[in-house]
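Summary of the model geometry
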Amino acid sequence: MKSRIFMYLFIFALLYILFQFMNAKKASEVYDKKISLLENKIEKKEIENDSIISANLDLTYFSLESNEDAAAYFEDQGYDATKLANTISDQIISQNTASKDNPIVPFVGMEGKMQINKVRLLNHKWIIADFSDGTYWGELFIVYDVKEDNTIDFEVVKSFLYPRN
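A brief structural summary.

Parameters and conventions
Residues numbered from 1 in each chain as written. Predicted model: local features only at pLDDT ≥ 70, side-chain atom pairs only at ≥ 80, totals over all residues. Heavy atoms only, no water. Helix = DSSP H or I, 4+ residues; strand = E, 2+ residues; numbered from the N terminus. Rg over C-alpha atoms; globule rule 2.2 N^0.38 Å. Contact = heavy atoms within 4.5 Å. Salt bridge = Lys/Arg side-chain N within 4 Å of Asp/Glu carboxyl O. Buried < 20%, exposed > 50% of the residue type's maximum accessible area, 1.4 Å probe, protein only. Pairing = 2+ DSSP bridges. Phe/Tyr/Trp six-rings, centres within 6.5 Å; stacked < 30°, edge-to-face > 60°. 1 Å grid on protein atoms, 1.4 Å probe; cavity = no way out; pocket = protein on both sides within 12 Å on 5 of 7 lines; lining within 4 Å. Points joined across faces, edges and corners; volume = space filled by probe spheres on them. Nonpolar A, V, L, I, M, F, W, Y, C, P; charged D, E, K, R; others polar.

1. Notes on the overall build of the protein chain
Looking only at helices and strands, one finds 3 helices and 4 strands in the protein chain. Moving toward the C terminus, one meets the helices and strands of the protein chain in the order α-α-α-β-β-β-β. In summary, the protein chain has a C-alpha radius of gyration of 34 Å against a globular reference of 15 Å for 165 residues, an excess of more than 25%. Overall, the protein chain is about 110 × 45 × 25 Å in size when its C-alpha atoms are taken along their principal axes. Taking all contacts inside the protein chain whose residues are at least 6 apart in sequence as the whole, residues at least 24 apart take part in 37%.

Here it is in structure tokens:
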């Protein structure tokens, strides 16, 4: 009787071990598939991230922040390029008022007041700006000069108004 009990216990233990082994093998296969899928997703995201970084570098190519020569030009004159860029942008946008058109914009607002929406400093001499009156919109090419007395002169060189469709 004792031998049968040990035999049944041995068979039960053997079946239990075999069940646990097969279950662990299936779980391992499922986890390996999940890991493989996640590794593929990571690889795709890394490629996407690299392309976004490349596109960002292309977009910031013409900007004061990424133009070392322009930043050095201002630093040689004793200015912090980032602070100066913010000051110039603020000075242009601060000319927007609720009661009249921005004086830098050479067009009269037809559906409202012409306001400058966005300003991008390309380098130490040029600015591109976007303006709109809510219905009509356009862009400006501005040349600027920082004087020794810390004043900034703006001159609109080119401007255009998009046709309304």
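2. Overview of the pattern of salt bridges
Pairs may arise between side chains of opposite charge once their charged atoms sit close together. Tallied over the entire structure, the rule returns 3 salt bridges. Of the charged contacts, one joins Asp153 and Lys147 as a salt bridge, the two residues approaching to 3.3 Å between their closest N and O atoms. On the basis of relative accessible area, Lys147 is assigned to the partly exposed category, the value being 33%. Several salt bridges converge on common partners, so that one network encompasses Lys125, Asp145, Lys147 and Asp153.

3. Let's talk about the pairing of strand β4 (residues 152-161)
Pairing between strand β3 (residues 137-146) and β4: 9 bridges, direction antiparallel. Within β4, the position partnered with Phe141 by the bridge is Lys158.

4. Brief notes about the packing of aromatic side chains
Counted according to the given criterion, the structure contains 7 aromatic pairs. For the pair Tyr73 and Phe74, a centre-to-centre distance of 5.5 Å together with 65 degrees between the ring planes defines the contact as edge-to-face. You can call Tyr73 partly exposed: its relative accessible area is 28%. Geometrically, the ring pair formed by Phe160 and Tyr162 is edge-to-face, given 4.9 Å between the ring centres and 80 degrees between the ring planes. Relative accessible area serves as the criterion here: at 38%, Phe160 is assigned to the partly exposed category. By relative accessible area, Tyr162 is classed as partly exposed at 30%. Aromatic ring contacts, followed pair by pair, group Tyr73, Phe74 and Tyr79 into a single cluster.

5. With respect to the layout of surface pockets
Taken as a whole, the largest pocket spans an internal volume of roughly 200 Å³. Looking at the largest pocket, it is lined by 13 residues, and the ones nearest its centre are Ser89, Lys118, Val119, Arg120 and Leu121. When residues of the lining of the largest pocket are traced back to their parent elements, those giving at least two are α3 (81-93), β1 (115-121) and β2 (126-132). For the lining of the largest pocket, the leading source of residues is β1, giving 4 residues. Of the residues belonging to the lining of the largest pocket, the class tally is 5 nonpolar, 3 polar and 5 charged.

6. Comments concerning the environment of Ile88
Following the sequence through the fold, Ile88 ends up in helix α3. Look at Ile88 and you get buried, because its relative accessible area is 0%. Look past the residues within four positions of Ile88 in its chain and what remains in contact with it is Leu121, Ile127, Tyr144, Val146, Ile152 and Phe154.

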